[in-house]
Amino acid sequence: MKVLVIDDEAVIRRSIQRAGEKKGHEVYLAENGSEGLAIWSKANPDVVFLDVLMPGLTGPDVLKQRDPNSKAKVVLISAYTGEYNLERAQEHGADLFIGKPFADIFAVIQQAEDLVGK
Amino acid sequence: MSSDASSPALVWVSPHLEAKHLNQDDLFILVDPEIEDPKKGIDLCLFSSKDFPGENKVQSLLQTSQMSILVYGGEDDPCLASLDWMPFSKVISEKEFKKLSIAEHFSKDLNRMKKQQLLKQTLTSNYHQLEELTQGLEDLVDRETEREDSAKKEVQDSLKGLRRLVQLTTSLGEAVTLEDVVARLNKDIRQTKFSISQFILGFPFRSRYELIGLMKGRVQRIRLEEGQGPTSIRIKQNDPEDQRFLANQFQRPFVHVLTLPLRLASQGAQPVTLFVEHQLEVGQTDTFLEEISPWLQPLSMTIERLLLESEMHEASYLWERTFDSVEDPLCIVTSDYELLRSNVHFSEPQQAGTKCYESFANRTSPCEGCRIHEVIQAGQPQTMKVRRAGKAFEMTSYPVYLGPPSEVSTLVNHYLDVTDKEDLRGQTIQNEKMAALGHLAGHIAHELNNPLTGIRSLSQILMSEVPEDSEIYSDLKEVEIAASRSQSIITDLLSFADDRGKPEDELIDVNDLIESTLSLLKVSLHNHKVDINLEDSQLHVRAQKSLLQQVLFNLINNSCQAMDDPGQIQISTKEQDGNVTIKVRDTGPGIPKKIRDQIFLPFFTTKERGRGTGLGLSMSREIVERYGGKLRFDSSEGQGTTFEVVLPKEPI
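Rules behind the numbers
Residues numbered from 1 in each chain as written. Chains lettered and ligands numbered in written order. Predicted model: local features only at pLDDT ≥ 70, side-chain atom pairs only at ≥ 80, totals over all residues. Heavy atoms only, no water. Pairing = 2+ DSSP bridges. Helix = DSSP H or I, 4+ residues; strand = E, 2+ residues; numbered from the N terminus. Axes fitted to C-alpha atoms, helices over the stretch in contact; angles between N-to-C directions. Contact = heavy atoms within 4.5 Å. Phe/Tyr/Trp six-rings, centres within 6.5 Å; stacked < 30°, edge-to-face > 60°. Buried < 20%, exposed > 50% of the residue type's maximum accessible area, 1.4 Å probe, protein only. Lys NZ or Arg CZ within 6 Å of the ring centre and 35° of its normal.

Student: Can you walk me through the pairing of strand E7 (residues 208–215) of chain B in this structure?
Tutor: A regular strand carries its side chains on alternate faces of the sheet. Residue and element names in this part refer to chain B. Pairing analysis gives five bridges linking strand E6 (residues 196–205) to E7, with the strands arranged antiparallel. By the bridge assignment for E7, Gly202 is matched with Leu211. For E7 and strand E8 (residues 218–223), the ladder comprises six bridges, and the chain directions are antiparallel. Residue pairing across strands places Glu210 opposite Arg223, the latter belonging to E8.

Student: Where do I start with unusual backbone geometry in this structure?
Tutor: Glycine aside, the phi torsion of most residues is negative, and most peptide linkages are trans. The residue after A:Lys100, namely A:Pro101, is reached through a cis peptide bond having omega 0°. Of note, A:Pro101 is situated in the loop between strand E5 (96–99) and helix H5 (105–117). With a phi angle near 45°, B:Arg206 is a residue other than glycine that sits in the positive phi range. For B:Tyr337, which is not a glycine, the phi torsion comes out positive at approximately 65°. Mapped onto the secondary structure, B:Tyr337 falls in the loop between strand E12 (330–333) and strand E13 (339–342).

Student: Teacher, can you tell me more about the sheet that holds strand E23 (residues 640–648) of chain B here?
Tutor: All names here are of chain B. If you walk across this open sheet you meet the five strands as E18-E20-E21-E23-E22, and the pairing is mixed. Strands at the two margins of the open sheet, each flanked by one partner only, are strand E18 (529–533) and strand E22 (630–636). Averaged over all pairs of adjacent strands, the angle between their axes in this sheet comes to 15°, without regard to strand direction. Of the pairings in the sheet, the one linking strand E20 (residues 568–576) to strand E21 (residues 579–586) comprises eight bridges and is antiparallel in character. Paired with Glu575 across the strands is Val580, a residue of E21. Packed onto the sheet, helix H15 (residues 616–626) meets E22 and E23 and runs at close to 135° relative to E22.

Student: Looking at this structure, how should I read the packing of aromatic side chains?
Tutor: How two aromatic rings sit relative to each other is set out by the distance from centre to centre and by the angle between their planes. Residues and elements named next belong to chain B. Counted under the stated rule, the structure contains 13 aromatic pairs over all chains. Between Tyr337 and Tyr357, the ring centres sit 5.6 Å apart and the planes meet at 65°, which makes this aromatic pair edge-to-face. Taken as a pair, Tyr337 in the loop between E12 and E13 and Tyr357 in helix H8 (residues 356–361) lie far apart in primary sequence, 20 residues in all. Taken individually, Tyr337 and Tyr357 each receive the classification buried, so the pair is uniform in this respect. Relative to Tyr415, the ring of Phe360 has its centre 4.3 Å away and its plane inclined at 35°; by these criteria the two rings are tilted. Of the two residues, Phe360 is situated in helix H8 and Tyr415 in strand E16 (residues 410–417); the sequence distance between them amounts to 55 residues. When sorted by exposure, Phe360 lands in the same class as Tyr415, which is buried. These aromatic residues form a ring-pair network of at least three members: Phe346, Phe360, Phe393 and Tyr415. The ring of Phe205 carries Arg221 above its face, with NZ or CZ at 5.5 Å from the centroid.

Have a look at this one:
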């Protein structure tokens, strides 16, 4: 499957990329919202890891501007668990919420795979 | 009446006697019976028995004048028979009488009668003279005796009077109330011969007139309506106004009243008055007045003294009540902190010489922050903060000048309880601190979570790429574990800070809470050995998580700080009688006995300035009690202290 990671934190992008590729997925990386939106419409990913808090466009901003025809599942990720939960994430149009720090990166990839497989 | 033989006699003739029987010669002067009264200077009365005035009248005539009486009437006239007792009188029958003229009848007798009369007069006069002489002599003897007696009596009386005066003065000097004075007066007067029912004392007191007197056998005090009471300063006897006035007040009639106004140095509009109710006989009053007049001066002085004392007592009472009515602690102290006066809110009554800090704050040295010496030097009031038993006070000390205007003699200290204000401020500070900590924690968590996620995730990825028995795998595993631990610390910190402002109580696993609290205290705990002994089963309580965590944090942190040298901290949980017990035990020096009852008081701290607010334990207790629990401790000096939190267990 095609995975898009939109996160301003390089180490997060790299972690998901490495784990995703290891599982045989095609991973695209964007370090901010607008870059993410561009890749989103070009690459048409199956799943998007979207950080909430980013300079410029935030995660929810990106969700508002995404291509309405995209079938991509969205996993909202945030380091600030106090602000976000699944309910909040779904309100914004995301399918899953995973708080940082991840306990297990492969489990995160697995969750994304499950989401797309449903 | 006086007459001698040669002068003509006056003859009174009763109307029924016919004048023709009387010869007009120089022996007789007839008196007109119509005009003259037979008593006046008459020598002879001639009565017809028809006119006889009766025996009584004759008796009285004979007594008032030395006259002769001639009664004539019929021989058988019973009147004549009954008159033979009359001295110098003659009874003669009408028939006999008519034979001669009156002159003839009496010319022979008259001289005899006159002689007899004269003799009688002389005799009487002699007798009288003798009698007078005897009487005179007797009188003289009597007078002499009496004079001697009265001189003796006078000396005795005056001695007795003096003695009584001394007694009374002494007795009055011992009187402590005006009632007492009246009682003593009434008792004293009974020892005299005077018949006095009672003394009533009237006096103006606190703008009213009052009476003290016997009422139903007891000395009682009557306070009059405003404007009532005597105004006269005259001595009066049985004054109707006074009688009415006393009768009104005592509800019974007053008959004999002597009103004696007393002279006092401080004479007001209404005089102090002694009313004397008495049964003195007429004429005895003067003697009585003479007797008691020397009493009046000591009496006045005593009354003056007692009235003054009453007023002073009243003033002092008023002052004290006012002082005590102020609900803040107040005291008057010397510059040496010696307590002169204090109100009930300051402390219990103290012995003389007690220092203000001893009685107010139970201290052995002046309160911290007390600057009364500056007040004395500057001569200006100052406000300072002092504490006593967990209470914070703003004490304002005012200088008092009793002597020279530049010399502060004493100080009046007024204490305003600002505990609640400070408490609120302390809580606000604590809340702000926690809010700031939460904000900071959130920020740190956010900043650290990303790199930690990367470190951990990449470790996991790398670990999946190397053989599990390789050195690299083991190294990566350590990195992954370290990152994991860091994460959990951040999570705890975040939840500790985040929960604030969320007032809902929730089900808390006490064991979990202890674990997460310990992770926040690693630095504090690192010097000490930590021994954790938790109940195997889950122990749930219902509370606000952040608050309960704060309690545990405080207790564990205190234990760490109590031990200067590395020691041991034991933390244990247990289920007991439907409660969850959490124990935090340290091996520190223990809590000194003298401060044990103070450690839960707000602001009480043994930590140096800036390290503790003195609120930790008081707030912890407040939190635990809020959830129906108890926070207590057991400490022995040199052995350590155990704090115990008991909370009701919540069934799952």
